[in-house]
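For reference, the chains in residue letters:
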Amino acid sequence: MNLYTRLINKDHPLPPDYVPENLTDIGIPFDAPCGDPKRLLEIRTAHAALMLIQAAQRESLILTGISGYRSYKRQQQLCIGHSNPASSTPYQQISPAPVNPYVALPGTSEHQSGLALDVSCPSIHMELSEKFSETGEGRWLKKNAPLYGFILRYPKNREEITGVPYEPWHIRYVTKPLASWLTITNLTLEEYHNFPARCSPPP
């Protein structure tokens, strides 16, 4: 199975001991201190993300990384935290609950793969919220992410297919050919994998 096109969700989880090879902090602008594991990405993904962010910078747009790699253990901690009403949450619009649609169960988060990156911008105070889609950075990202091999993994009005609410801040590296194909066909990664008869592989 191609690492970069791999489907990761509740029906296709990663094993608890899965750690991507070649994790690196390539120097992407991050709202996290040096040494924080969330700054890490799989190396090919990291290079593509750096090119993406630098392209945005050339248009005076400030895309900032919020969360990259996240281990299975860290995802467990987030799930526990989000089920505790006394805990803080990075998603300010979400009420803590035993089952939180914005917090994936351990093994089902794309962040564990090192292929996913959450981004935001200063104009919304680095929040991860739907407001991001209304910013210059959010609009630019939606238009240009496929040029660098990324898709907006959880698009609007596709929640029944992806199983995850709309997240305009979450991008996933799938390579340029597949990112372009999914954009042109308006398919989610689930549809690409689950309905092969309707989907021709990208050239």
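Novice: Help me understand the pairing of strand 4 (residues 116-120) in this model?
Specialist: When a strand is regular, its side chains alternate between the sheet's two faces. The element strand 4 is extensively covered by neighbouring structure, given that 5 of its 5 residues are classed as buried. A two-sided burial pattern is seen for strand 4, the buried positions comprising Ala116, Asp118 and Ser120 on one face and Leu117 and Val119 on the other. Of the strand pairs in this sheet, strand 3 (residues 64-67) and strand 4 are connected by 3 bridges, and their pairing is antiparallel. Bridge pairing links serine 67 to aspartate 118 in strand 4.

Novice: I would appreciate a short explanation of the sheet that holds strand 3 in the present structure.
Specialist: Adjacent strands of a sheet form backbone hydrogen bonds with each other and so pair up, either parallel or antiparallel. The 4 strands are arranged 3-4-6-5 in an open sheet whose pairing can be described as antiparallel. A strand with exactly one partner marks an edge of an open sheet, and here the two such strands are strand 3 and strand 5 (150-154). Each strand axis lies, on average, 45 degrees off the axis of its neighbour in the sheet, ignoring direction. Strand direction decides the pairing type here: strand 5 and strand 6 (residues 167-173), joined by 4 bridges, are antiparallel. If you follow leucine 152 over to strand 6, its bridge partner there is isoleucine 171.

Novice: What am I meant to see in the packing of aromatic side chains here?
Specialist: One pair of aromatic rings is described through two measures. These are the centre distance and the angle between the planes. Enumeration over the complete set of coordinates arrives at 2 aromatic pairs. Residues tyrosine 4 and tyrosine 173 carry aromatic rings whose centres are separated by 5.5 Å and whose planes lie at 90 degrees to one another, so their mutual orientation is edge-to-face. Of this pair, tyrosine 4 sits in the segment before strand 1 (23-24) while tyrosine 173 sits in strand 6, and the two are 169 residues apart along the sequence. Ring centres of phenylalanine 150 and tyrosine 173 lie 5.4 Å apart, and the angle between their planes is 65 degrees; on these two criteria the pair is classed as edge-to-face. Of the two residues, phenylalanine 150 is situated in strand 5 and tyrosine 173 in strand 6; the sequence distance between them amounts to 23 residues. Considered together, phenylalanine 150 and tyrosine 173 belong to a single accessibility category, that of buried residues. Linked through ring pairs, Tyr4, Phe150 and Tyr173 together constitute an aromatic cluster.

Novice: Is there a simple way to explain the pattern of salt bridges in this structure?
Specialist: Any two side chains of opposite charge can pair, given that their charged atoms come close. Enumeration over the complete set of coordinates arrives at 7 salt bridges. The shortest N-O distance in the salt bridge between aspartate 11 and lysine 10 comes to 3.5 Å. Lysine 10 shares its class with aspartate 11; the two are exposed. Across the pair glutamate 191 and arginine 158 runs a salt bridge whose closest N-O atoms are separated by 2.7 Å. A residue pair is termed long-range when its members are at least 10 positions apart, and glutamate 191 in helix 6 (residues 189-194) and arginine 158 in the loop between strand 5 and helix 4 (159-162) qualify at 33 residues. Overall, the relative accessible area of 8% leaves glutamate 191 in the buried class. Judged by relative accessible area, which is 14%, arginine 158 ranks as buried. Each of the salt bridges in this network shares a partner with another, and the network as a whole consists of Glu110, Arg153, Arg172 and Glu190.

Novice: Please clarify how the nonpolar core should be interpreted in this entry.
Specialist: The biggest cluster of nonpolar side chains holds 32 residues, and the ones touching the most others in it are Leu63, Phe132, Leu141 and Phe150. Elements with a contribution of two residues or more to this core: helix 1 (43-57), strand 4, helix 3 (136-144) and strand 6. Looking at this core element by element, the count peaks at 8 residues for helix 1. Beyond its immediate sequence surroundings of up to four residues, leucine 141 is in contact with Leu52, Leu63, Val119, Phe132, Leu152, Pro168 and Ile171. In terms of nonpolar packing, the next biggest core, distinct from the first, is built from 9 residues, Ile151, Val174, Ala179 and Leu189 among them.

Conventions we followed
Residues numbered from 1 in each chain as written. Predicted model: local features only at pLDDT ≥ 70, side-chain atom pairs only at ≥ 80, totals over all residues. Heavy atoms only, no water. Buried < 20%, exposed > 50% of the residue type's maximum accessible area, 1.4 Å probe, protein only. Helix = DSSP H or I, 4+ residues; strand = E, 2+ residues; numbered from the N terminus. Pairing = 2+ DSSP bridges. Axes fitted to C-alpha atoms, helices over the stretch in contact; angles between N-to-C directions. Phe/Tyr/Trp six-rings, centres within 6.5 Å; stacked < 30°, edge-to-face > 60°. Salt bridge = Lys/Arg side-chain N within 4 Å of Asp/Glu carboxyl O. Core = buried A, V, L, I, M, F, W, Y, C linked by side-chain atoms within 4.5 Å. Contact = heavy atoms within 4.5 Å.

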